[in-house]
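Chain by chain, the residues run as shown.
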Amino acid sequence: MRRSIPLSVLSPAVAVALLAGCSDGGRGDVRGAAGGAGLGDRLFPRLGNGGYDVLHYQLTLDYDPGTRLLAGTAEIVARATDDLRSFHLDLHRLSADEVTVDGERAAAGVTGDELSVRPREGLTAGSTFRTVVRYSGTPRTVIDADGSKEGWLPDRAGALAVGEPAGSMAWFPGNHHPSDKATFDLAVTVPKGLKAVSNGEPARETTTAAKSTFVWRTAEPMATYLATVAIGAYELTSSRPAGGPPVVTAVHPSVPPAKRRPLDRIPEFLRWSQKVFGPYPFSSIGAIAVPDGAVDYALETQNRPVLPAGQLNPETLVHEIAHQWFGNSVTPESWRDMWLNEGFATYAEWMWAEEFAGTPVSESFAEAFAEKDNWAFPPAAPPSAARISDAPVYGRGAMVLHQVRQTVGERAFSALLRGWAREHRHGNASTGDFTAYAERVSGRELSGVWKTWLYGEGRPPRP
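(A) Local environment of unusual backbone geometry. The omega angle of the peptide bond from Glu164 to Pro165 is 5 degrees, so this bond is cis rather than trans. Residue placement: Pro165 occurs in the loop between strand S12 (158–162) and strand S13 (181–191). The backbone phi angle of Arg68 is positive, close to 60 degrees, even though this residue is not glycine. With respect to the helices and strands, Arg68 occurs in the loop between strand S2 (52–64) and strand S3 (69–80). Not every positive phi belongs to a glycine, and Asp102 is a case in point at roughly 50 degrees.

(B) Structural detail: the pattern of salt bridges. A full pass over the atoms with the stated rule returns 13 salt bridges. Ionic pairing is found between Glu104 and Arg120, a salt bridge with its closest N-O pair at 3.8 Å. With Glu104 in strand S6 (residues 104–105) and Arg120 in the loop between strand S8 (114–118) and strand S9 (128–137), this pair connects stretches of sequence that are 16 residues apart. Residue Glu104 is classed as partly exposed on the basis of its relative accessible area of 27%. For Arg120, a relative accessible area of 29% corresponds to the partly exposed category. Linked by salt bridges that have partners in common, Glu98, Arg105 and Arg134 make up one network.

(C) Structural view of the sheet that holds strand S11 (residues 149–155). Spatial strand order, S10-S11-S12-S17-S14: five strands in an open sheet with antiparallel pairing. The open sheet has two edge strands, strand S10 (141–143) and strand S14 (195–198), and neither has a second partner. Adjacent strand axes in the sheet meet at a mean angle of 20 degrees, parallel and antiparallel pairs treated alike.

(D) Fine view of the environment of Val393. With respect to the helices and strands, the residue Val393 is situated in helix H7 (residues 391–408). On a C-alpha basis, the gap between Val393 and Met338 in space is 7.0 Å, while along the polypeptide they are 55 residues apart. Excluding anything up to four places from it in sequence, Val393 contacts Met338, Trp339, Glu342, Gly343, Phe377, Pro379, Arg387 and Ile388.

(E) View of the side chain of Ser86. Inspection of the secondary structure puts Ser86 in strand S4 (residues 84–90). Of the residues examined, Ser86 reaches a relative accessible area of 10% and is grouped as buried. Ser86 has contacts with Ala33, Ala34, Gly35, Val117, Arg118 and Pro119, leaving out every residue within four places of it along the chain.

(F) Just helix H6 (residues 361–370), in detail. Considered for burial, the residues of H6 that qualify are Val361, Ser364, Phe365, Ala366, Ala368 and Phe369. Buried residues in H6 make contact with helix H5 (339–356), H7 and helix H10 (447–454).

(G) The arrangement of the environment of Thr60 in detail. Within the secondary structure, Thr60 sits in strand S2. Through-space distance from the C-alpha of Thr60 to that of Gly109 is 22 Å; in sequence the pair is 49 residues apart. In this structure Thr60 touches Ala71, Gly72, Thr73 and Ala187, once residues within four positions along its chain are discounted.

(H) How the structure looks around the packing of aromatic side chains. One pass over the structure, following the stated rule, counts 32 aromatic pairs. Each ring, one from Phe277 and one from Phe326, has its centre 4.9 Å from the other, and the planes form 90 degrees; the classification is edge-to-face. Placement of Phe277 in helix H3 (residues 266–277) and of Phe326 in the loop between helix H4 (314–322) and strand S22 (330–332) is noted, with a sequence separation of 49 residues between them. The burial state of Phe277 is the same as that of Phe326; both residues are buried. The cationic tip of Arg459 hangs over the ring face of Phe369; the distance from NZ or CZ to the ring centre is 5.9 Å.

(I) Expanded view of the packing of H7 against helix H8 (residues 410–423). Between H7 and H8, the shortest axis-to-axis distance is 7 Å and the interhelical angle comes to 135 degrees. If you check the angle between H7 and H8, you find them oblique. When the axes of H7 and H8 are compared, the crossing they make is right-handed. Contacts from Leu401, Val404, Arg405 and Val408 of H7 reach H8 at Glu410, Ala412, Phe413 and Leu416. Class assignment for the residues of the contact of H7 with H8 results in six nonpolar, no polar and two charged.

(J) Spatial organisation of the sheet that holds strand S7 (residues 107–111). Within the open sheet, the four strands sit side by side as S1-S4-S8-S7. Their pairing is mixed. Both edges of this open sheet fall to strand S1 (33–34) and S7, since each of them pairs with a single strand only. Pairing between S7 and S8: five bridges, direction antiparallel. By the bridge assignment for S8, Val110 is matched with Leu115.

(K) Seen up close, the side chain of Thr431. Within the secondary structure layout, Thr431 lies in helix H9 (residues 431–442). Look at Thr431 and you get buried, because its relative accessible area is 4%. At 3.0 Å, the side chain of Thr431 and the side chain of Trp339 are in polar contact. When residues no more than four places from it in sequence are discounted, the contact partners of Thr431 are Asp337, Trp339, Leu340, Ala380, Leu454 and Tyr455.

Scoring rules and cut-offs
Residues numbered from 1 in each chain as written. Predicted model: local features only at pLDDT ≥ 70, side-chain atom pairs only at ≥ 80, totals over all residues. Heavy atoms only, no water. Helix = DSSP H or I, 4+ residues; strand = E, 2+ residues; numbered from the N terminus. Salt bridge = Lys/Arg side-chain N within 4 Å of Asp/Glu carboxyl O. Buried < 20%, exposed > 50% of the residue type's maximum accessible area, 1.4 Å probe, protein only. Pairing = 2+ DSSP bridges. Axes fitted to C-alpha atoms, helices over the stretch in contact; angles between N-to-C directions. Contact = heavy atoms within 4.5 Å. Phe/Tyr/Trp six-rings, centres within 6.5 Å; stacked < 30°, edge-to-face > 60°. Lys NZ or Arg CZ within 6 Å of the ring centre and 35° of its normal. Parallel < 35°, antiparallel > 145°, perpendicular 65-115°, else oblique. Left-handed = near helix turned anticlockwise from the far one by under 90°. Nonpolar A, V, L, I, M, F, W, Y, C, P; charged D, E, K, R; others polar. Polar contact = N/O pair within 3.5 Å; in protein donor to acceptor, adjacent residues only side chain to side chain.

Here you go:
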């Protein structure tokens, strides 16, 4: 048997030559196009890949916190949307040791964050194919354009993986653009005494003399940036409140008991969110509470938001739970549409504060209107990848929704909130989809709102 050479040790020139020069094993010409390396997202043009749609990821990981080495197998079931002679997967600084397509070795090469794959036979548009990538290495922390950290965040006794907007490629190969959602199975093996927590529902746990394996299943489609895994001495609890989905929480032992108390209110926050936004779109809810310093922000990872200890408060939990509808179930078509995530979640905070904290939405609006940072750019047009998490995406995004509410009235706005989440459940949507939907459901022409609040430059006169 020939020894497999890790493709990442090849120089980019050799890797590309290997891919370009490979044959089809004597089966005749391999027909079709080369799948695109990148989907042309205006802010992240190299993210994602063209020519196929992923249906399911099955990830098998083995991680050693002592050496920080990760060994993984990714089985990716996808449907070809074009005739393909080759295609790409996003993978950041890990070694692809072997690649097969439908059980046969495929030629492959690594250039930058692109793993190029050329099957022995071309793929026909409409056909379903199975790619298996065996990979290994030390997964890396990714520094975003705004200076924040994502990807794989190790510590002395574990690790945390978060992926918005591009960090998931640091721990598994895939089509890492929000427009391609898939179901997930994840099995993580760690040293005995540690736990591995992820999205979806716990399916199985096994322990040997030295290691434990935790299996998690996500049955609803998920964008890869919403996938997470937390490895450490987490305290895992599960409950089933009457009339609600299972609540699965994982708390790092370093989180003080006093800071954990808001987690007990997750069923309460969820009931309120269902009243406002409609049926909960997933089969479980919960949270992962991590130490301060593990990550500098909360993130709406699907089913199970990640929250640092210092952000375990009702406002942040309401925000992240609202994201389960807006961002996770209704996922943006592109990263320019991120205000559809953050504007809705911020407005959920305002609505919660009005009902339970005595702060009228009009007061929250006034505070946001007075904040200079909210007027740096239009929420639907962030100028660069470094700005997608800036204030206008949140505060001015919420102001857009309030102006819609003021224009169409309470009844139509309530119908819009619930209907938008229902119409695009487990799918993708763009800003254009939302503006068209709002006008159709309300029966109102809203071009003035869009022109001034969604796309307008600078602060308008206060309404």
